[in-house]
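Residue-level listing of the chains:
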Amino acid sequence: MTTSHINDAETAAVNPVEGDRPLLQATGVSKRFGAVQALSKMTFALKPGEVHVLFGENGAGKSTLINIICGALQPDEGSLTLDGQPVHFRDVHDARKNGVAAMFQEFSLAPQLTVEENIFLGAEPRSSIFLKVGERRARVAKALREFGFDIPPTAIVATLSRACQQMVEMTKALLTEPRVLILDEPTASLSQKETESMFELVRALRAKGVGIIYITHRMKEIEVIGDRVTVMRDGRFIKTVDVKSTSQSTLVELMTGRSFEQFFPDIPHEPGEDLLNIVGLTTRNGQIRDATLLVRAGEVVGIAGLVGCGKSDIIRAVFGLEPISEGVVQVQGDTVSAPSPRGMLDRGLAYITSDRRNEGLMLLRPTCENLTLSTVGQSLLSRFGWLKIRKERKFAKTLGERLRVRPLELDKFVVKYSGGNQQKIMIAKAMARDTRIFLFDEPTVGIDVSARVEVYGVIKQLAEAGAAVVIVSSDLPEVVNLSHRLLVVRNGEIVDQMDKADISEARVLHGFFGTRNAA
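Residues numbered from 1 in each chain as written. Predicted model: local features only at pLDDT ≥ 70, side-chain atom pairs only at ≥ 80, totals over all residues. Heavy atoms only, no water.

Asks: Would you mind showing me how to read the overall build of the protein chain here?
Replies: Assigned secondary structure in the protein chain consists of 18 helices and 24 strands. Expected size for 519 residues packed as a compact globule is a radius of gyration near 24 Å; at 24 Å, the protein chain falls within 12% of this value. The dimensions of the protein chain, computed from C-alpha atoms along their principal axes, are 70 × 60 × 55 Å. Out of the 519 residues belonging to the protein chain, those deemed buried represent 51%. For the protein chain, the proportion of contacts with a sequence separation of at least 24, taken over those separated by at least 6, is 65%. Accessible surface, the protein chain: about 23900 Å² in total, of which carbon and sulfur atoms supply 49%. In the protein chain, 64 positive and 63 negative side-chain charges are present, and the distance between their average locations comes to 4 Å. (Helix = DSSP H or I, 4+ residues; strand = E, 2+ residues; numbered from the N terminus. Rg over C-alpha atoms; globule rule 2.2 N^0.38 Å. Buried < 20%, exposed > 50% of the residue type's maximum accessible area, 1.4 Å probe, protein only. Contact = heavy atoms within 4.5 Å. Areas by Shrake-Rupley, 256 points an atom, 1.4 Å probe, with all protein chains shown as cover. Lys, Arg positive; Asp, Glu negative; His and termini not counted. Charge placed at Lys NZ, Arg CZ, Asp CG, Glu CD.)

Asks: What is the right way to read the sheet that holds strand β14 (residues 291–296) from this model?
Replies: The strand order β14-β13-β16-β17 describes an open sheet built from four strands, whose pairing is antiparallel. The open sheet terminates on both sides in strands that have one partner only, identified here as β14 and β17 (334–335). Of the pairings in the sheet, the one linking strand β16 (residues 324–331) to β17 comprises two bridges and is antiparallel in character. If you follow Q330 over to β17, its bridge partner there is T335. The strands that helix α10 (residues 311–319) touches are β13 (274–283), β14 and β16; relative to β13, the one it contacts most, it runs at about 110°. (Pairing = 2+ DSSP bridges. Axes fitted to C-alpha atoms, helices over the stretch in contact; angles between N-to-C directions.)

Asks: Can you help me understand the sheet that holds strand β1 (residues 24–33) in this one?
Replies: Here we have four strands laid out as an open sheet, ordered β2-β1-β4-β5, and antiparallel in their pairing. Only two strands of the sheet have a single neighbouring strand rather than two, namely β2 (36–46) and β5 (85–87). Within the sheet, the average angular offset between the axes of one strand and its neighbour, ignoring direction, is 30°. Bridge count between strand β4 (residues 77–82) and β5: three bridges; the pairing is antiparallel. The residue of β5 that forms the bridge with T81 is P86. Sheet strands in contact with helix α2 (residues 62–69) are β1, β2 and β4, and its direction is about 60° off that of β2.

Asks: For this particular structure, what's the right way to read the side chain of R136?
Replies: Checked against the element boundaries, R136 lands in helix α5 (residues 133–147). At 3.1 Å, the side chain of R136 and the side chain of E116 are in polar contact. Setting aside residues no more than four positions away along its own chain, R136 makes contact with E116, E117, F120, E124, P125 and L131. (Polar contact = N/O pair within 3.5 Å; in protein donor to acceptor, adjacent residues only side chain to side chain.)

Asks: I'm lost on the packing of helix α6 (residues 162–174) against helix α7 (residues 192–207) in this one. Help?
Replies: A pair of packed helices is characterised by two quantities: the angle between their axes and the separation of those axes. For the pair α6 and α7, interaxial distance at closest approach is 12 Å and the crossing angle is 10°. In this view, α6 runs roughly parallel relative to α7, as classed from their interaxial angle. Along its contact with α6, which presents A163, M167, M170 and L174, the element α7 presents E194, M198, L201 and L205. Of the residues belonging to the contact of α6 with α7, the class tally is seven nonpolar, no polar and one charged. (Parallel < 35°, antiparallel > 145°, perpendicular 65-115°, else oblique. Nonpolar A, V, L, I, M, F, W, Y, C, P; charged D, E, K, R; others polar.)

Asks: Is there a simple way to explain the nonpolar core in this structure?
Replies: For soluble globular proteins, nonpolar side chains are generally found buried alongside one another. Core analysis: the largest hydrophobic core is formed by 50 residues, its most contacted members being F55, V115, I151, M170, L181, I212 and V229. Not counting the four nearest positions on each side in its chain, I212 is found in contact with L46, E50, V51, H52, L181, L183, V202, L205 and R206. Core analysis: the second largest hydrophobic core is formed by 37 residues, F264, L361, A396 and V405 among them. (Core = buried A, V, L, I, M, F, W, Y, C linked by side-chain atoms within 4.5 Å.)

Asks: Any chance you could explain the pattern of salt bridges here in plain terms?
Replies: When the charged atoms of two side chains lie near each other, side chains of opposite charge can form a pair. Counting across every chain of the model gives 28 salt bridges. Close ionic contact of R218 with E221 constitutes a salt bridge, the shortest N to O distance being 3.9 Å. On the accessibility criterion, E221 (5% relative accessible area) is buried. The closest approach of N and O atoms between K424 and E454, which form a salt bridge, is 2.8 Å. Here K424, found in helix α15 (residues 419–431), pairs with E454, found in helix α16 (residues 449–464); they are 30 residues apart in sequence, far enough to count as distant. By relative accessible area, K424 is classed as buried at 4%. (Salt bridge = Lys/Arg side-chain N within 4 Å of Asp/Glu carboxyl O.)

Asks: In this structure, what is going on with the environment of L73? I would like to understand it.
Replies: Within the secondary structure, L73 is located in the loop between α2 and β4. With relative accessibility at 22%, the residue L73 sits in the partly exposed group. In sequence terms L73 and E369 are 296 residues apart; their C-alpha atoms lie 32 Å from each other. Those residues in contact with L73, other than ones at most four positions away along the chain, are F33, T64, N67 and I68.

Asks: Any chance you could explain unusual backbone geometry here in plain terms?
Replies: For residues other than glycine, phi is negative in most cases, and the peptide bonds are mostly trans. For the bond from R406 to P407, the omega torsion is -15°, close enough to zero to count as cis. Residue position: P407 is located in the loop between α14 (389–402) and α15. Unusually for a residue other than glycine, N491 sits at a positive phi of about 50°. Of note, N491 is situated in the loop between β23 (485–490) and β24 (493–499).

Asks: Please clarify how the environment of Y456 should be interpreted in this entry.
Replies: Within the secondary structure layout, Y456 lies in helix α16. Here the alpha-carbon distance between Y456 and P443, two residues 13 residues apart in the chain, equals 8.8 Å. Not counting residues within four places of it along the chain, the set of residues in contact with Y456 comprises F263, F264, P265, T444, E478 and L482.

Asks: Before we go on, may I ask you to explain the pairing of β16 in this structure?
Replies: Taken residue by residue, a regular strand's side chains alternate between the two faces of the sheet. Pairing between β13 and β16: six bridges, direction antiparallel. Across the sheet, the residue bridging to T282 is E326, located in β16. What sits between the antiparallel neighbours β16 and β17 is a turn of two residues, in which Q332 has the positive phi angle 50°.

Asks: When you look at α6 in this model, what are you seeing that I'm missing?
Replies: Each turn of an α-helix holds 3.6 residues, which means side chains three or four residues apart point in the same direction. Taking 1.5 Å as the rise per residue, α6 with 13 residues should run 18 Å; its terminal C-alpha atoms sit 18 Å apart, in good agreement. Counting buried positions along α6 yields twelve of 13 residues, so the element is predominantly enclosed. Those residues of α6 that sit buried are A163, C164, Q165, Q166, M167, V168, E169, M170, T171, K172, A173 and L174. (Expected span 1.5 Å × (residues − 1).)

Spelled out as structure tokens, the structure:
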């Protein structure tokens, strides 16, 4: 894109058409963290009653910008205006008092407190020194009903699912009656039904004139809920475009600065020996019933289904994370009567979880330890129970470079990496052993488009090297385009299987909902 295009776009963002004054505007905002320039002269304008998507790769500066807008960070330079008036928020509480609220991907909840205590934390209704507990409970119950969230006000937050915790966080933000609402990946943990409810709520807020800043990596979501998109790259403003008149490929090119000739790689299908065979698998929790699946060397098999259908339970049971009540699991020809994670790793089968923060990584440990974790106790890096430190670091460096973790710092805590880098570290950990079978559970959840392309490239390399790959994904284009064979799960049962030539989104959707496929 030429410089003139960027300058034209900047002018359009800074100076909207007359009579269409922005509700919120950021002008020339910069922020540096040590040697890292997180934002550089960033410009952004939000209109009343619009859903404005912030779009960019991990590390593009989106989080820094919204943290400045909501008062969590102070800019080094630049200005904010609200309704045309200059504002300078001292902190998040000050921003909320002025009508700017945020719901972040990482929640700000106290897990051992109740729902109602969390929602009014720091802003409890009082009479002198006494809390008005009855009023608090009534207001919370009313708000939860109005927003369509079926959560008991007295429930302890730690006992709730992540989706319900997200609803609590949303309620907390909405009770301040914001004029500007920031939503950071708001549907990342929601089912299809919950996502639709969230969209209805967003539309209702938009209709009331609330300006909504929306961050997502999901292209389909942008098309469904977005009005305009501001693309960021390397902490800078690139362009603001209308959703209706902009294609997905254009957004990707604006975001990355380069053209993707092919978003999904072409993976040759040259199946070899049977590596994983599942017959009549039924889990003890009843989530999966009578599942049968065969995966061969050099093959990518996809498993698709709506959130909550049980599709992830299949591979979790194979890895030993969900108890099996019936069925047979064979790995490289050997029957495994009682799968366990350690036993499956020893047999050359790895599971890459969808929950990298709680299951996949040690966030507060160094990158080196995370990369080599699966090899602990093996002769590769230890001798007589002693870890070969120098060899471990060399091995970790090789793994990190192979997966293109950038910037690779072996002593850096994993929590400080972007989601895309964390995902690559988790995959590298699975590749640290002599692994022939890879079970991917939502392989690109919460990572940007560029990181997705790199993960897809890894999957292609694994299949071409003769590994058997299973992909469980809620991203329909992903599972449709990567799979050599595709299974559809509905209500705990595999209801359809199709070879590459027969795979289509329409047929998969019919399987999701149990409708008749006219084709």
